[in-house]
Amino acid sequence: QHYFIQSNLSFCSKMVVPPTFSDLGKAAKDVFNKGFSIGSNKLTVKTKTASGISLSPSFELKNDNLVAAFETSGSPSEGFTLKEKWTSENVTKTNLIVEDKICKGLKVDLEVVVNATSGKKTATAKTAYKTDCFNGTFDANLELAGPTLVSTAVGEYSGIQGGVEVAFDTEKSKLTKNSLAVGYTQNDYSFVGFVKDLSLFEGLLHHKVNADTEIAASMSWNNQSNACTYNFGAKHTLDAATALRMKMDATGKATLSVTHKINPWLEATFSNQVNAKTLTGMSHGISLEANL
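Here the structure is a predicted model, which means the values were calculated and not measured.

A. Representation of the packing of aromatic side chains within the structure. Scanning the entire structure with this criterion turns up three aromatic pairs. Ring centres of Phe-21 and Phe-194 lie 5.8 Å apart, and the angle between their planes is 75°; on these two criteria the pair is classed as edge-to-face. A residue pair is termed long-range when its members are at least 10 positions apart, and Phe-21 in the loop between helix H1 (2–13) and helix H2 (26–33) and Phe-194 in strand E12 (residues 189–196) qualify at 173 residues. Geometry around Phe-194 places Lys-196 over its ring, the cationic atom sitting 5.2 Å from the centre. Cation over ring: Lys-247 sits above Phe-36, and NZ or CZ is 4.4 Å from the ring centre.

What follows is the structure, given as C-alpha coordinates:
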(Lines give C-alpha, C1' and ligand atoms only; values in the text may rest on other atoms or scores of the structure.)
Protein backbone atom coordinates (compact mmCIF):
# COMPACT_ATOMS: atom_id res chain seq x y z
CA GLN A 1 0.00 0.00 0.00
CA HIS A 2 2.87 2.35 0.82
CA TYR A 3 4.45 1.61 -2.58
CA PHE A 4 1.11 2.31 -4.33
CA ILE A 5 0.82 5.74 -2.66
CA GLN A 6 4.44 6.54 -3.52
CA SER A 7 3.89 5.56 -7.15
CA ASN A 8 0.85 7.79 -7.44
CA LEU A 9 2.64 10.73 -5.84
CA SER A 10 5.52 10.23 -8.27
CA PHE A 11 3.07 10.10 -11.19
CA CYS A 12 1.37 13.35 -10.12
CA SER A 13 4.70 15.13 -9.70
CA LYS A 14 5.58 14.32 -13.33
CA MET A 15 2.34 15.70 -14.72
CA VAL A 16 2.80 18.54 -17.18
CA VAL A 17 0.53 20.71 -19.28
CA PRO A 18 1.03 19.79 -22.96
CA PRO A 19 1.23 22.45 -25.68
CA THR A 20 -1.76 23.48 -27.78
CA PHE A 21 -2.23 21.66 -31.08
CA SER A 22 -0.76 24.59 -33.04
CA ASP A 23 2.34 24.50 -30.80
CA LEU A 24 3.11 20.81 -31.34
CA GLY A 25 6.59 20.70 -32.84
CA LYS A 26 7.18 24.34 -31.85
CA ALA A 27 10.88 23.82 -31.09
CA ALA A 28 11.49 22.64 -34.68
CA LYS A 29 9.22 25.32 -36.17
CA ASP A 30 11.14 28.04 -34.32
CA VAL A 31 14.41 26.89 -35.89
CA PHE A 32 12.86 27.38 -39.35
CA ASN A 33 10.80 30.51 -38.71
CA LYS A 34 12.41 32.65 -36.01
CA GLY A 35 15.34 34.95 -36.62
CA PHE A 36 14.93 35.31 -40.40
CA SER A 37 14.00 38.44 -42.33
CA ILE A 38 13.94 37.79 -46.08
CA GLY A 39 12.57 40.20 -48.67
CA SER A 40 11.70 42.92 -46.19
CA ASN A 41 13.25 45.49 -43.86
CA LYS A 42 11.52 45.82 -40.52
CA LEU A 43 11.76 48.01 -37.44
CA THR A 44 9.92 47.04 -34.24
CA VAL A 45 9.89 49.06 -31.02
CA LYS A 46 8.59 47.63 -27.75
CA THR A 47 8.12 49.62 -24.56
CA LYS A 48 6.00 49.59 -21.41
CA THR A 49 4.66 52.47 -19.35
CA ALA A 50 4.95 52.76 -15.58
CA SER A 51 1.31 51.64 -15.27
CA GLY A 52 2.04 48.40 -17.16
CA ILE A 53 0.61 49.27 -20.60
CA SER A 54 2.63 47.76 -23.45
CA LEU A 55 3.16 49.81 -26.63
CA SER A 56 4.66 48.42 -29.84
CA PRO A 57 4.85 50.36 -33.12
CA SER A 58 6.35 48.57 -36.14
CA PHE A 59 7.29 49.48 -39.70
CA GLU A 60 7.98 47.06 -42.56
CA LEU A 61 9.20 47.87 -46.07
CA LYS A 62 8.30 45.01 -48.43
CA ASN A 63 8.00 45.10 -52.23
CA ASP A 64 8.38 48.90 -52.13
CA ASN A 65 5.33 49.15 -49.84
CA LEU A 66 5.57 50.52 -46.31
CA VAL A 67 3.24 48.85 -43.83
CA ALA A 68 2.92 50.29 -40.33
CA ALA A 69 1.22 48.82 -37.28
CA PHE A 70 0.66 49.86 -33.70
CA GLU A 71 -0.14 47.42 -30.89
CA THR A 72 -1.05 48.12 -27.31
CA SER A 73 -2.12 45.91 -24.43
CA GLY A 74 -2.88 46.33 -20.77
CA SER A 75 -4.56 44.70 -17.82
CA PRO A 76 -7.28 46.84 -16.18
CA SER A 77 -7.52 44.29 -13.37
CA GLU A 78 -6.12 40.88 -12.51
CA GLY A 79 -7.30 38.21 -14.94
CA PHE A 80 -8.44 40.71 -17.61
CA THR A 81 -6.36 41.80 -20.61
CA LEU A 82 -7.28 44.24 -23.37
CA LYS A 83 -5.31 44.26 -26.64
CA GLU A 84 -5.64 46.62 -29.59
CA LYS A 85 -3.86 46.55 -32.96
CA TRP A 86 -4.12 49.06 -35.83
CA THR A 87 -2.45 48.78 -39.24
CA SER A 88 -1.85 51.34 -41.97
CA GLU A 89 -4.32 49.35 -44.10
CA ASN A 90 -6.96 50.76 -41.73
CA VAL A 91 -7.69 47.44 -40.05
CA THR A 92 -8.19 47.28 -36.29
CA LYS A 93 -8.22 44.17 -34.11
CA THR A 94 -9.45 44.18 -30.52
CA ASN A 95 -9.08 41.33 -28.04
CA LEU A 96 -10.74 41.11 -24.65
CA ILE A 97 -9.20 38.24 -22.69
CA VAL A 98 -10.45 36.78 -19.42
CA GLU A 99 -8.15 34.18 -17.85
CA ASP A 100 -8.49 32.04 -14.70
CA LYS A 101 -11.60 33.97 -13.62
CA ILE A 102 -14.38 31.55 -14.47
CA CYS A 103 -12.27 28.58 -13.40
CA LYS A 104 -8.57 27.84 -13.10
CA GLY A 105 -6.99 27.02 -16.45
CA LEU A 106 -9.82 28.49 -18.57
CA LYS A 107 -9.15 31.42 -20.92
CA VAL A 108 -11.85 33.20 -22.93
CA ASP A 109 -10.86 35.56 -25.75
CA LEU A 110 -13.35 37.69 -27.71
CA GLU A 111 -11.73 39.01 -30.89
CA VAL A 112 -13.25 41.69 -33.12
CA VAL A 113 -11.66 42.73 -36.45
CA VAL A 114 -12.91 45.80 -38.33
CA ASN A 115 -11.77 46.87 -41.79
CA ALA A 116 -12.73 50.53 -42.00
CA THR A 117 -11.98 50.67 -45.73
CA SER A 118 -14.28 47.84 -46.83
CA GLY A 119 -16.62 48.04 -43.85
CA LYS A 120 -16.19 44.32 -43.14
CA LYS A 121 -16.52 43.22 -39.51
CA THR A 122 -15.75 39.81 -38.03
CA ALA A 123 -15.92 38.46 -34.50
CA THR A 124 -14.50 35.26 -33.05
CA ALA A 125 -15.00 33.71 -29.63
CA LYS A 126 -11.99 31.67 -28.53
CA THR A 127 -11.80 29.44 -25.49
CA ALA A 128 -8.88 27.44 -24.15
CA TYR A 129 -8.60 25.11 -21.18
CA LYS A 130 -5.43 23.55 -19.83
CA THR A 131 -4.74 21.28 -16.90
CA ASP A 132 -2.44 18.40 -16.05
CA CYS A 133 -1.89 16.20 -19.13
CA PHE A 134 -4.50 18.07 -21.23
CA ASN A 135 -4.74 21.22 -23.36
CA GLY A 136 -7.81 21.98 -25.46
CA THR A 137 -9.27 24.87 -27.47
CA PHE A 138 -12.64 25.68 -28.99
CA ASP A 139 -13.13 28.62 -31.39
CA ALA A 140 -16.22 29.89 -33.19
CA ASN A 141 -16.46 32.80 -35.61
CA LEU A 142 -19.72 34.61 -35.00
CA GLU A 143 -21.08 34.58 -38.56
CA LEU A 144 -24.85 35.10 -38.84
CA ALA A 145 -25.06 32.68 -41.77
CA GLY A 146 -23.52 29.97 -39.62
CA PRO A 147 -20.33 29.86 -37.57
CA THR A 148 -17.30 27.70 -38.33
CA LEU A 149 -16.35 25.69 -35.26
CA VAL A 150 -12.72 24.71 -34.68
CA SER A 151 -11.80 22.39 -31.82
CA THR A 152 -8.45 20.95 -30.75
CA ALA A 153 -7.33 18.62 -27.96
CA VAL A 154 -3.86 17.50 -26.90
CA GLY A 155 -2.97 14.94 -24.25
CA GLU A 156 0.44 14.02 -22.88
CA TYR A 157 1.76 11.25 -20.64
CA SER A 158 5.43 10.47 -19.93
CA GLY A 159 6.56 12.48 -22.95
CA ILE A 160 4.12 10.82 -25.37
CA GLN A 161 1.80 13.35 -27.00
CA GLY A 162 -1.36 12.87 -29.01
CA GLY A 163 -3.61 15.51 -30.54
CA VAL A 164 -6.57 16.10 -32.82
CA GLU A 165 -7.95 19.14 -34.66
CA VAL A 166 -11.32 19.35 -36.41
CA ALA A 167 -13.17 22.22 -38.11
CA PHE A 168 -16.86 22.14 -39.00
CA ASP A 169 -18.74 24.62 -41.21
CA THR A 170 -22.26 24.79 -39.79
CA GLU A 171 -23.56 26.75 -42.80
CA LYS A 172 -22.60 23.97 -45.22
CA SER A 173 -22.85 21.18 -42.62
CA LYS A 174 -19.42 20.06 -43.74
CA LEU A 175 -16.23 18.97 -42.00
CA THR A 176 -13.57 21.29 -43.44
CA LYS A 177 -10.49 20.14 -41.53
CA ASN A 178 -9.37 17.04 -39.68
CA SER A 179 -5.85 16.50 -38.39
CA LEU A 180 -4.20 13.94 -36.14
CA ALA A 181 -0.83 14.23 -34.41
CA VAL A 182 1.40 11.87 -32.44
CA GLY A 183 4.67 12.93 -30.86
CA TYR A 184 7.33 12.19 -28.30
CA THR A 185 9.41 14.74 -26.41
CA GLN A 186 12.34 14.62 -24.02
CA ASN A 187 14.77 17.19 -22.64
CA ASP A 188 17.08 17.26 -25.66
CA TYR A 189 14.95 16.00 -28.56
CA SER A 190 11.37 15.84 -29.80
CA PHE A 191 9.44 14.39 -32.71
CA VAL A 192 5.89 14.91 -33.93
CA GLY A 193 4.03 13.47 -36.91
CA PHE A 194 0.85 14.88 -38.48
CA VAL A 195 -1.82 13.43 -40.75
CA LYS A 196 -3.87 16.28 -42.23
CA ASP A 197 -7.14 15.64 -44.08
CA LEU A 198 -5.94 12.07 -44.76
CA SER A 199 -3.79 13.42 -47.59
CA LEU A 200 -0.84 15.33 -46.12
CA PHE A 201 1.71 13.51 -43.95
CA GLU A 202 4.24 15.66 -42.12
CA GLY A 203 7.03 15.00 -39.63
CA LEU A 204 9.10 17.40 -37.49
CA LEU A 205 12.28 16.48 -35.63
CA HIS A 206 14.21 18.69 -33.21
CA HIS A 207 17.45 17.92 -31.39
CA LYS A 208 19.26 20.13 -28.88
CA VAL A 209 22.85 19.05 -29.45
CA ASN A 210 24.20 21.09 -26.54
CA ALA A 211 23.49 24.33 -24.71
CA ASP A 212 24.54 26.40 -27.77
CA THR A 213 23.48 24.31 -30.77
CA GLU A 214 20.17 22.90 -32.00
CA ILE A 215 19.12 21.32 -35.29
CA ALA A 216 15.74 20.57 -36.85
CA ALA A 217 14.39 18.69 -39.85
CA SER A 218 10.98 18.45 -41.45
CA MET A 219 9.51 16.33 -44.22
CA SER A 220 6.05 16.23 -45.79
CA TRP A 221 4.37 14.09 -48.43
CA ASN A 222 1.07 14.67 -50.20
CA ASN A 223 -0.47 11.41 -51.38
CA GLN A 224 -2.71 13.25 -53.87
CA SER A 225 -0.04 15.21 -55.75
CA ASN A 226 2.75 12.81 -54.71
CA ALA A 227 4.83 15.88 -53.85
CA CYS A 228 7.53 15.47 -51.22
CA THR A 229 9.31 18.36 -49.50
CA TYR A 230 11.95 18.53 -46.80
CA ASN A 231 13.79 21.19 -44.83
CA PHE A 232 16.84 21.27 -42.62
CA GLY A 233 17.75 24.03 -40.18
CA ALA A 234 20.24 24.82 -37.44
CA LYS A 235 20.90 27.47 -34.82
CA HIS A 236 24.17 28.12 -33.02
CA THR A 237 24.72 30.67 -30.26
CA LEU A 238 28.20 32.14 -30.49
CA ASP A 239 27.98 34.15 -27.28
CA ALA A 240 25.47 36.01 -25.15
CA ALA A 241 25.01 38.64 -27.89
CA THR A 242 25.27 36.74 -31.19
CA ALA A 243 23.38 33.83 -32.76
CA LEU A 244 23.77 32.22 -36.21
CA ARG A 245 20.95 30.49 -38.09
CA MET A 246 20.70 28.59 -41.35
CA LYS A 247 18.09 26.58 -43.22
CA MET A 248 17.80 24.82 -46.57
CA ASP A 249 14.77 23.44 -48.39
CA ALA A 250 14.20 20.84 -51.09
CA THR A 251 14.45 23.40 -53.90
CA GLY A 252 18.00 24.31 -52.89
CA LYS A 253 17.22 27.66 -51.31
CA ALA A 254 19.74 28.32 -48.55
CA THR A 255 19.10 31.03 -45.97
CA LEU A 256 21.71 32.38 -43.58
CA SER A 257 21.00 34.78 -40.74
CA VAL A 258 22.92 36.46 -37.94
CA THR A 259 21.29 38.13 -34.94
CA HIS A 260 23.38 40.44 -32.78
CA LYS A 261 22.42 42.34 -29.64
CA ILE A 262 24.08 45.69 -30.24
CA ASN A 263 23.28 46.84 -26.71
CA PRO A 264 20.84 45.68 -24.01
CA TRP A 265 17.87 47.33 -25.71
CA LEU A 266 18.64 47.01 -29.47
CA GLU A 267 18.81 43.78 -31.49
CA ALA A 268 19.62 43.53 -35.21
CA THR A 269 19.05 40.63 -37.61
CA PHE A 270 20.69 40.35 -41.05
CA SER A 271 19.47 37.63 -43.42
CA ASN A 272 20.52 36.49 -46.87
CA GLN A 273 18.98 33.86 -49.16
CA VAL A 274 20.43 32.29 -52.31
CA ASN A 275 19.71 29.31 -54.56
CA ALA A 276 22.56 26.97 -53.64
CA LYS A 277 22.24 25.06 -56.94
CA THR A 278 22.68 28.03 -59.27
CA LEU A 279 24.02 30.71 -56.89
CA THR A 280 21.29 33.06 -58.18
CA GLY A 281 18.09 34.58 -56.85
CA MET A 282 19.80 36.33 -53.98
CA SER A 283 17.61 38.31 -51.58
CA HIS A 284 18.21 39.81 -48.19
CA GLY A 285 16.51 41.53 -45.29
CA ILE A 286 17.25 43.53 -42.16
CA SER A 287 15.22 43.55 -38.96
CA LEU A 288 15.73 45.84 -35.98
CA GLU A 289 13.98 45.36 -32.63
CA ALA A 290 14.24 47.91 -29.84
CA ASN A 291 13.04 47.13 -26.31
CA LEU A 292 12.84 50.39 -24.40
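Picking up after the structure, the text goes on.
B. Molecular detail of a nonpolar patch on the surface. Taken together, the side chains of Leu-43, Phe-59, Leu-61, Leu-66, Phe-270, Ile-286 and Leu-288 present a nonpolar region at the surface, about 590 Å² in accessible area. Listing elements by their share of the nonpolar patch, those giving two or more residues are strand E2 (54–62) and strand E19 (280–291). Within the secondary structure, Leu-66 sits in strand E3 (residues 65–77).

C. Spotlight on H2. Buried within H2 are the following residues: Ala-28, Val-31 and Phe-32. Down the axis, H2 shows its buried residues gathered within 95° of arc, on one side only. Packing partners of the buried residues in H2 comprise strand E13 (200–208), strand E14 (213–222), strand E15 (228–237) and strand E16 (242–249). Phi turns positive one or two residues past the end of H2, at Gly-35, with a value near 80°.

D. The arrangement of the confidence of the model for the protein chain in detail. Residues of the protein chain with pLDDT of at least 70 account for 95%, and the chain-wide mean is 92. A low-confidence stretch, residues 1–13 (pLDDT under 50), is modelled with one contact involving residues beyond four sequence positions or located in other chains.

E. Just the pairing of strand E4 (residues 80–87), in detail. Across seven bridges, E3 lies against E4 in antiparallel orientation. Within the sheet, the bridge partner assigned to Ala-69 lies in E4 and is Thr-87. Linking E3 to E4, which pair antiparallel, is a turn of two residues; within it Gly-79 sits at a positive phi near 95°. As judged from the seven bridges shared by E4 and strand E5 (residues 91–99), these two strands associate in the antiparallel manner. Across the sheet, Phe-80 pairs through a bridge with Val-98, a residue of E5. Between E4 and the antiparallel strand that follows it, E5, lie three residues; Asn-90 among them carries a positive phi value of about 65°.

F. Just the side chain of Thr-255, in detail. Position of Thr-255 relative to the elements: it lies in strand E17 (residues 253–263). At a separation of 3.0 Å, a polar atom in the side chain of Thr-255 contacts the side chain of Gln-273. If we skip the residues at most four places from it in the chain, Thr-255 touches Phe-36, Ile-38, Arg-245, Met-246, Lys-247, Asn-272 and Gln-273.

G. The nonpolar core, seen in detail. Counting residues in hydrophobic clusters, the biggest one holds 11 residues: Phe-21, Leu-24, Ala-28, Val-31, Phe-32, Val-154, Ala-181, Val-192, Phe-194, Leu-204 and Ala-216. Those elements that provide at least two residues to this core are H2 and E12. It is H2 that contributes the most residues to this core, three residues altogether. When sequence neighbours within four positions are dropped, the list of residues in contact with Val-154 reads Pro-18, Pro-19, Thr-20, Phe-21, Leu-24, Cys-133, Phe-134, Asn-135, Gly-162 and Gly-163.

H. Summary view of unusual backbone geometry. Of note in the backbone geometry, Cys-133 takes a positive phi value of approximately 70° without being a glycine. Relative to the assigned elements, Cys-133 resides in the loop between strand E7 (121–131) and strand E8 (134–141).

I. Representation of the environment of Asn-275 within the structure. Within the element layout of this structure, Asn-275 appears in strand E18 (residues 266–275). A relative accessible area of 21% means that Asn-275 is categorised as partly exposed. Ignoring any residue separated from it by four or fewer positions in sequence, one finds Asn-275 in contact with Thr-251, Gly-252, Lys-253 and Thr-280.

What counts and what doesn't
- Residues numbered from 1 in each chain as written.
- Predicted model: local features only at pLDDT ≥ 70, side-chain atom pairs only at ≥ 80, totals over all residues.
- Heavy atoms only, no water.
- Phe/Tyr/Trp six-rings, centres within 6.5 Å; stacked < 30°, edge-to-face > 60°.
- Helix = DSSP H or I, 4+ residues; strand = E, 2+ residues; numbered from the N terminus.
- Lys NZ or Arg CZ within 6 Å of the ring centre and 35° of its normal.
- Patch = residues over 30% accessible without salt bridge, like charges linked within 9 Å, V, L, I, M, F, W, Y side chains within 5 Å.
- Areas by Shrake-Rupley, 256 points an atom, 1.4 Å probe, with all protein chains shown as cover.
- Salt bridge = Lys/Arg side-chain N within 4 Å of Asp/Glu carboxyl O.
- Buried < 20%, exposed > 50% of the residue type's maximum accessible area, 1.4 Å probe, protein only.
- Arc of directions from axis to C-beta.
- Contact = heavy atoms within 4.5 Å.
- pLDDT = per-residue confidence, 0-100.
- Pairing = 2+ DSSP bridges.
- Polar contact = N/O pair within 3.5 Å; in protein donor to acceptor, adjacent residues only side chain to side chain.
- Core = buried A, V, L, I, M, F, W, Y, C linked by side-chain atoms within 4.5 Å.

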